[in-house]
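# Structural overview
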Amino acid sequence: MLVDEAQFLSKKHVLQLAKIVDDCHIPVMGFGLKNDFRNELFEGSRYFLLYADKIEEMKTICWFCEKKATMNLRIDQDGKPVYTGDQIQIGGNDRYYPVCRKCYEHPPL
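So, here is what we can say about the structure in this document. Note that the structure is a prediction, hence the values are computed from the model and not measured.

In this section: the overall build of the protein. Within the protein, the regular secondary structure consists of 3 helices and 5 strands. The order of α-helices and β-strands along the protein, N terminus first, is β-α-β-α-β-β-β-α. Overall, the C-alpha framework of the protein stretches about 50 × 25 × 20 Å when taken along its three principal axes. Each of the 109 residues in the protein was classed as buried or not, and the buried ones make up 28%. Charge separation in the protein, taken as the distance between the mean sites of 15 positive and 16 negative side-chain charges, equals 5 Å.

So, in structure tokens, the structure goes:
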């Protein structure tokens with residue numbers, strides 16, 4: 001079973017998936033972000049990390065400097081960084097940039 005955008009799952013959903021693995025012997029793979037634009041774990045990510053039998057990181061590079069990206073920078077409609085607000089807001093590359101820690105703190109916008 002493949003679960004995309006696993007960060008949006010609840011604890012209940014992750015526990016149900018773990019039960020599928022343990023009781024039904026069906027492998028489950030989840031893909032998603034670890035942390036949000038405030039650099040806090042998503043609920044689904046937190047519990048996937050806790051219950052995972054194996055974790056593999058898919059690396060990406062910073063939008064600005066090509067170092068390893070470890071954070072997500074949200075930008076507003078004017079291209080300014082946003083560090084507060086609702087955890088979930090729909091958007092793609094027009095609203096979120098993968099960035100390194102330095103560019104998260106001091107984005108060259």
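After presenting the structure, the write-up continues.
Quick look at the nonpolar core now. Membership of the largest hydrophobic core is limited to 9 residues, which are Cys62, Met71, Leu73, Ile75, Tyr97, Val99, Cys100, Cys103 and Tyr104. For this core, the secondary-structure elements that each account for two or more residues are β3 (71-75), β5 (96-99) and α3 (101-105). Ranked by residue count, the leading element in this core is β3, at 3 residues. Among the nonpolar cores identified, the runner-up in size contains 7 residues, and Val3, Leu17, Tyr47 and Phe48 belong to it.

The next thing to look at is the packing of aromatic side chains. Two aromatic rings are characterised by how far apart their centres lie and by the angle between their planes. A full pass over the atoms with the stated rule returns 4 aromatic pairs. Look at Phe8 and Phe42: their rings are 5.9 Å apart centre to centre, the planes differ by 80 degrees, and that puts the pair in the edge-to-face class. Taken as a pair, Phe8 in the loop between β1 (2-3) and α1 (11-24) and Phe42 in the loop between β2 (29-30) and α2 (43-51) lie far apart in primary sequence, 34 residues in all. An angle of 85 degrees between the planes, with centres 5.7 Å apart, marks the rings of Phe64 and Tyr97 as edge-to-face. Residue Phe64 is found in the loop between α2 and β3, and its partner Tyr97 is found in strand β5; the two are separated by 33 residues along the sequence. A relative accessible area of 25% places Phe64 in the partly exposed class.

Looking now at the pattern of salt bridges. Evaluation of the coordinates by the stated rule reveals 5 salt bridges. Taking the shortest distance from any N to any O, the salt bridge between Asp36 and Arg38 comes out at 3.1 Å. For Asp36, a relative accessible area of 1% corresponds to the buried category. In this structure, the salt-bridge partner of Glu57 is Lys68, at a minimum N-O distance of 3.2 Å. Pair noted here: Glu57 is in the loop between α2 and β3 and Lys68 is in the loop between α2 and β3, with a separation of 11 residues, a long-range link. Judged by its relative accessible area of 38%, Lys68 is partly exposed. A single network of salt bridges, built from pairs that share partners, joins Asp36, Arg38 and Glu40.

Rules used throughout
Residues numbered from 1 in each chain as written. Predicted model: local features only at pLDDT ≥ 70, side-chain atom pairs only at ≥ 80, totals over all residues. Heavy atoms only, no water. Helix = DSSP H or I, 4+ residues; strand = E, 2+ residues; numbered from the N terminus. Buried < 20%, exposed > 50% of the residue type's maximum accessible area, 1.4 Å probe, protein only. Lys, Arg positive; Asp, Glu negative; His and termini not counted. Charge placed at Lys NZ, Arg CZ, Asp CG, Glu CD. Core = buried A, V, L, I, M, F, W, Y, C linked by side-chain atoms within 4.5 Å. Phe/Tyr/Trp six-rings, centres within 6.5 Å; stacked < 30°, edge-to-face > 60°. Salt bridge = Lys/Arg side-chain N within 4 Å of Asp/Glu carboxyl O.

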